[in-house]
Structure formats: C-alpha cells, structure tokens
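# A structural walkthrough
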Amino acid sequence: MNRMIRLLAAALFVLIAPVAFAQSETLNDTQIAAIVVAANSVDIDAGKLAEKKSTNKDVQAFARQMVTDHTAVNKQATDLVKKLNVTPQENATSKSLKEGGETNLAKLRKLQGKDFDKAYIDNEVTYHQTVLDAVDKTLIPNAKNAELKNTLVKVRPIFVDHLEHAKQIQASHK
Amino acid sequence: MDRESGSYSWHEARKIVPLLLSIAIVSVSHADEVAGAKHTVVIENMQFQPKVLQVKVGDLIVWKNRDVVPHTVTASSGDTFNSGKIEPDGSWSYRVRKKGTIPYVCTYHPTMAAQIVAK
C-alpha cells in the first residue's frame, strides 16, 4: 500500500512539476525571444511533415496554415530581435520545446494514414494548449520590453484560433 | 424654338444637345460618387470588427487586415464573394449588390466568422 502511495506521489510530481516550473520560472527578454522562436519553429517543422504525409484535405489545409502563420509570427519575433539588437538566449524551456519537437517528429515519421493524422492533430491540440498556457502564465508576465510584450499579446489570438481549429478537426475525425 | 409648333430648329438643337450631354455626364459621375456609403471592417486579433455590419445595397465595404497573418473574406451563403488572400496590412473592398444577410468567414481560420446585413 505504501509502495502504491509512493508511486502515485511520484506520478503526480511528474505531471505537476512542468506546470509549476512554467509558472515560477523567471525569464529575461532574450530568453523569452528564444522560446518564441523555438515554439514556432517546432510547429513549422511538424506542419511541413504533415503537408507531405497526410492525405486528408482538412489536415493538409491545417498543416499549411500552421506553416504560414507560425512563419509570420517568427518573422515578427526575429524582426523585433534585430530591432532591439539582442541575441535570443537558449534556456531550459526553449531546449525542452526543441527536444519535444524532435521526439514528436520521430514518432510521426513512423506513422501512416489515419494513424498519422490522429497523432499529428492530437499533438497540435496539446502543443497549442501548452504554448498558450506558457504565453499567459510565463512569457507575457515576464516580458519587460514593451514591444516584446505587445508582440506576445498581438500573436496570442493566433494560438487561440489554432487550438480551436485543431480541436474541430480532432472532433470531426473521431 | 418655334413657339407655335413647340419644336426646336436644327440651329437651336445644335446648342442644346451639348448642354444636355454635359448635364448627363455630370449627373452620371456624381451618381457614381454618391452610389453608397463607405464602411470599414478591421481584421485584428483574429476577429472581424464589427462582427455584424449593417449596410445598404450600393454601399462599399473595405476590410483592412491589421493582423500579422493573411486572411480571407469569403461569403458562406447568399451573395457570393471571395477576397482571396489578404496579406498583413493589405485591404480588400466589395460593393454590396443584394439585400439580405450574408455570413462570411476567413477560410484560413474557420473560427473567424461575421456577417453583413444589407437592407
């Protein structure tokens, strides 16, 4: 019984720890910029793969949109970085996003047809929810530079739209 | 003019016709200018603002994209129109041709929907 409780406690910690980390992490603007670029790049890569591999027109259209929109958001971020003359600084969150993106791509590459579509869309729902939470709880509250904060506020509705769009496809393919 | 017959002589007609033509041209160009009111719909924060636009037939609607991503303005039913891609900072306009409610969406972002009510 004690062993069961310890296992449950450990499992709960694994589930809660990343959220707690995201909420309490203090980031500077260059780290936030690196996170924004990493988050967009991860979804662009997944979208490019889905454009090639999926045979479903809804999934293909969604993937194409992810590539277009996240490329536009990344351009906003990189233009601002150039304007402010700062260098994005890699950090635990940006590295974690990239690693998660690579793991997702490796998984998706092994799948075909409906299994691919389901895995891609399921991940898009989770990914956009995670990024949205990070934008609200960590990135916007920590951003010091007014232009960076404004950019984050400006692009936030794009993530909201993508999340709803992904959920619509997820529901229609069940 | 021949006062008894009420008809114009050829000489008089030559004077009057250019005058009538110029009046007609001025009227047409003026009618074109006042064909309808102009309305603006701003596309920002992944929304059409205003979400419901009241217009009259003949009015001009201009959509301005202030988002960082491209959008479309595409009628779902009723009077049909489709802007194609409107780039960031771009705009597209449409003159209302028929009465009725026209729901429209952005085909790239299906959560974006609004409507025109033409009277």
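Conventions used here
Residues numbered from 1 in each chain as written. Chains lettered and ligands numbered in written order. Predicted model: local features only at pLDDT ≥ 70, side-chain atom pairs only at ≥ 80, totals over all residues. Heavy atoms only, no water. Helix = DSSP H or I, 4+ residues; strand = E, 2+ residues; numbered from the N terminus. Buried < 20%, exposed > 50% of the residue type's maximum accessible area, 1.4 Å probe, protein only. Contact = heavy atoms within 4.5 Å. Areas by Shrake-Rupley, 256 points an atom, 1.4 Å probe, with all protein chains shown as cover. Expected span 1.5 Å × (residues − 1). Arc of directions from axis to C-beta. Pairing = 2+ DSSP bridges. Phe/Tyr/Trp six-rings, centres within 6.5 Å; stacked < 30°, edge-to-face > 60°. Buried area = accessible area lost by both parts, 1.4 Å probe. Salt bridge = Lys/Arg side-chain N within 4 Å of Asp/Glu carboxyl O. Polar contact = N/O pair within 3.5 Å; in protein donor to acceptor, adjacent residues only side chain to side chain.

Right, let's talk about the overall build of chain A for a bit. Within chain A one finds six helices and zero strands. Along chain A, helices (α) and strands (β) appear in the sequence α-α-α-α-α-α when read from the amino end. Burial analysis of chain A (174 residues in total) assigns 41% to the buried set. By sequence separation, contacts in chain A at least 24 residues apart represent 83% of the contacts at least 6 residues apart. Within the structure as shown, chain A displays about 9700 Å² of accessible surface, and the carbon and sulfur contribution to it stands at 60%.

With that settled, consider the overall build of chain B. A tally of regular secondary structure across chain B gives one helix and eight strands. When the elements of chain B are put in sequence order from the N terminus, they spell out α-β-β-β-β-β-β-β-β. Going through the 119 residues of chain B one by one, you find that 32% of them count as buried. Of the accessible surface of chain B, which amounts to about 7300 Å², a share of 55% is contributed by carbon and sulfur atoms.

Looking now at the environment of Ala50 of chain A. All names here are of chain A. Among the structural elements, Ala50 can be located in helix H2 (residues 29-53). Placed 16 residues apart in sequence, Ala50 and Ala34 show a C-alpha to C-alpha distance of 24 Å. The contact partners of Ala50, leaving out residues within four places of it in the chain, are Ala63, Phe116 and Tyr120.

Let us now look at helix H4 (residues 92-109) of chain A. All names here are of chain A. Along its 18 residues, H4 runs 26 Å from first to last C-alpha, staying within 8% of the 26 Å computed at 1.5 Å per residue. When H4 is considered as a whole, its buried residues turn out to be Thr93, Ser94, Gly101, Asn104, Leu105 and Leu108. One side of H4 carries all its buried residues, which in axial view fall inside an arc of 115°. For H4, exposure combined with an orientation more than 90 degrees from the buried face picks out Glu99 and Thr103.

Time to look at the pairing of strand S8 (residues 113-118) of chain B. Residues and elements named next belong to chain B. Strand direction decides the pairing type here: strand S3 (residues 52-55) and S8, joined by four bridges, are parallel. By the bridge assignment for S8, Gln54 is matched with Val117. Across six bridges, strand S7 (residues 100-105) lies against S8 in antiparallel orientation. What sits directly across from Thr101, in S8, is Val117.

It is worth spelling out the packing of aromatic side chains at this point. Residue and element names in this part refer to chain B. This model, assessed by the stated rule, comprises 10 aromatic pairs over all chains. Ring geometry for Trp63 against Tyr104: centres 5.5 Å apart, planes inclined by 85°, an arrangement best described as edge-to-face. Within this pair, whereas Trp63 is found in strand S4 (residues 60-65), its partner Tyr104 is found in strand S7, the two being separated by 41 residues in sequence. Look at Tyr104 and you get buried, because its relative accessible area is 1%. Among the aromatic side chains, those forming a connected cluster through ring pairs are Phe48, Trp63, Phe81, Trp92, Tyr94 and Tyr104.

With that settled, consider the interface of chain A and chain B. The interface of chain A with chain B comprises 13 residues on the first partner and 13 residues on the second. The junction of chain A with chain B conceals about 1100 Å² of combined surface from both sides, 62% of it contributed by carbon and sulfur atoms. Counting the surface chain A buries against chain B, the share from its top three residues, Gln65, Lys154 and Asp161 of chain A, is 42%. Viewed at the interface, chain B and chain A are joined by one salt bridge. Here Lys154 of chain A makes a salt bridge to Glu44 of chain B, at a shortest N to O gap of 3.4 Å. At the junction of chain A with chain B, the criterion picks out four residue pairs in polar contact (both at pLDDT 80 or more). When residues of the side of chain A that touches chain B are traced back to their parent elements, those giving at least two are helix H3 (57-84) and helix H6 (146-172) of chain A. Broken down by element, the residue count for the side of chain A that touches chain B peaks at eight residues, all from H6 of chain A.

This brings us to the pattern of salt bridges. All names here are of chain A. Tallying each qualifying case throughout the model produces eight salt bridges over all chains. Among the ionic pairs, Glu147 bridges to Lys83, the shortest N-O distance being 2.6 Å. Of this pair, Glu147 sits in helix H6 while Lys83 sits in helix H3, and the two are 64 residues apart along the sequence. You can call Lys83 exposed: its relative accessible area is 57%.

A word on the sheet that holds S3 of chain B. Spatially, the four strands line up as an open sheet ordered S3-S8-S7-S5 (chain B), and their pairing is mixed. Bordering the open sheet on either side are S3 and strand S5 (74-75) of chain B, each of which pairs with just one other strand.

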